[in-house]
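Coordinate inspection notes
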Amino acid sequence: MDGKVKSVWRAACLMGGLCIWGIAVDPAPGRAAVESGSLSKMIFGKTPDGTPVELYVLKNGQITVKVMTYGAIITEIDTPDRNGKERDVVLGFDSLEGYLGKHPYFGATVGRVANRIAKGKFTLNGQEYTLAVNDGPNTLHGGLKGFDKVIWKAEPIDHPDGPSIKLTRRSPDGEEGYPGNLDVGVQFTVTEQNELKIEYTATTDKATPINLSNHSYFNLAGRTTEPVLGHELMLAADHYTPVDETLIPTGEIAPVTGTPLDFTKPTDIGARIKEFKVEPTGYDHNFVLNSGGKSLALAGRVYEPKTGRVMELSTTEPGVQFYTGNFLDGTITGKDGIAYRKHHAFCLEAQHYPDSIHHANFPSAVLEPGKTYTQTTVYKFSTR
Ligand code: GLA
């Protein structure tokens, strides 16, 4: 955007209804003032205890992103195909009720620790902590009531790149068994370059494991009954972390060469998926990004040939869990009454490696008091 954002102004806000913010910008020298993007708010529904859930609609460039205060969940991403037809490219539900029911983290912010912790136990600074076990013998995605199942506080933010909303909450000491009061912020910004930028921050008063990620399920063809096997994927990852039968890393960092995990050159997701023999078959692997997670770098690119949609993922994280919706079995009916079946979508969850707390050779996923955790992930949409 040329020029600087002057202010986020709120044009209207009706009780329980629609609020609209516009973004006023100072023109770049010699240019007329332009308006870049919009941010509006509505009530999506109420939780069983009567708490209203807000839904924010961020529009900029050619994309629209909807985020709600329950679970800091992305409910919708609308982006045009190569003919300009806008379609929603993420799985989810038409109303809040679906999200309040059992579902596999559609669009959710996952934490305090995304992915798995072996046997729901870890030792930190000499103390043993016990977590709820909710995935076979392990803890998955923060436990029984993780960050995906709580109400966040939302605040519009004056951001130079476009409409922006910051969701915050304190995860109290002992929540789901984790140590320390953790103050978390997740900021969603939609830029004129058709990017959704997610910036996470956290501070704590006791050392704690932390691993925050977003669990959006993408199908770049739009709302469809077709699986994603024809999407072409590139991952900037020469290595991955092999796992045991409960999906806990063995600790090894293995090359992808010669395996169905080699996406260093663009390859159809479905090209080698039949090589997996253990049910539910498909990809559910952590890839070790070549960037090492030191600064924001391209992690992957997905191309859907029928619609021409392209999604690029950049992240500051060292890993990405590539998951092909293997556990979707048609029992969940989502938007437009579509039953979500196996391989209906893919997730690219930018994060630290699974079970990092038990592997000294993995990048540390422990936050110490006095330090600030940060994680930035950008999804950029275009067409080809
Ligand atoms: C992650 C895991 C998968 C699965 C999904 C949720 O992607 O790696 O094994 O648990 O979350 O269903």
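Residues numbered from 1 in each chain as written. Predicted model: local features only at pLDDT ≥ 70, side-chain atom pairs only at ≥ 80, totals over all residues. Heavy atoms only, no water.

Moving on, we come to the overall build of the chain. A count of helices and strands for the chain gives 1 helix and 31 strands. Compactness check: the chain gives a C-alpha radius of gyration of 20 Å against a globular reference of 21 Å for 384 residues, within 12% of the reference. Taking the principal axes of its C-alpha atoms as reference, the chain extends roughly 60 × 50 × 45 Å. A burial count over the chain gives 56% of its 384 residues as buried. For the chain, the proportion of contacts with a sequence separation of at least 24, taken over those separated by at least 6, is 64%. (Helix = DSSP H or I, 4+ residues; strand = E, 2+ residues; numbered from the N terminus. Rg over C-alpha atoms; globule rule 2.2 N^0.38 Å. Buried < 20%, exposed > 50% of the residue type's maximum accessible area, 1.4 Å probe, protein only. Contact = heavy atoms within 4.5 Å.)

Glycine aside, the phi torsion of most residues is negative, and most peptide linkages are trans. Going from Gly 111 to Arg 112, the amide bond is cis rather than trans, its omega being 5°. Mapped onto the fold, Arg 112 is located in the loop between strand 8 (108-110) and strand 9 (116-117). Along the chain, Glu 279 connects to Pro 280 via a cis peptide bond; the corresponding omega equals -10°. Here Pro 280 is to be found in the loop between strand 22 (267-268) and strand 23 (284-288). Although it is not a glycine, Asp 336 sits at a positive phi angle of roughly 60°. Along the chain, the position of Asp 336 falls in the loop between strand 27 (332-333) and strand 28 (339-340). Taking relative accessible area as the criterion, Asp 336 reaches 52% and is therefore assigned exposed.

Our focus in this paragraph is the domain arrangement of the chain. For the chain, the assigned domains are domain 1 (4-215) and domain 2 (232-370 + 377-383). Inter-centroid distance (C-alpha atoms) of domain 1 to domain 2 is 20 Å. Taken together, the contact between domain 1 and domain 2 spans 55 residues of the former and 44 residues of the latter. Carbon and sulfur atoms make up 56% of the area that domain 1 and domain 2 hide from each other, which totals about 3700 Å². Broken down residue by residue, the surface that domain 1 buries against domain 2 is led by Arg 82, Leu 91 and Arg 116, which jointly contribute 17%. Viewed at the interface, domain 2 and domain 1 are joined by 1 salt bridge. (Domains from an automatic or database assignment. Buried area = accessible area lost by both parts, 1.4 Å probe. Salt bridge = Lys/Arg side-chain N within 4 Å of Asp/Glu carboxyl O.)

The 5 strands lie next to each other as 21-20-23-26-29, forming an open sheet whose pairing is antiparallel. Edge positions in the sheet fall to strand 21 (254-255) and strand 29 (347-351), since each has one partner strand and no second. Summarising the sheet, strand 23 and strand 26 (residues 319-323) pair through 5 bridges and their orientation is antiparallel. Residue pairing for strand 26: Asn 286 is matched across the bridge by Gln 321. (Pairing = 2+ DSSP bridges.)

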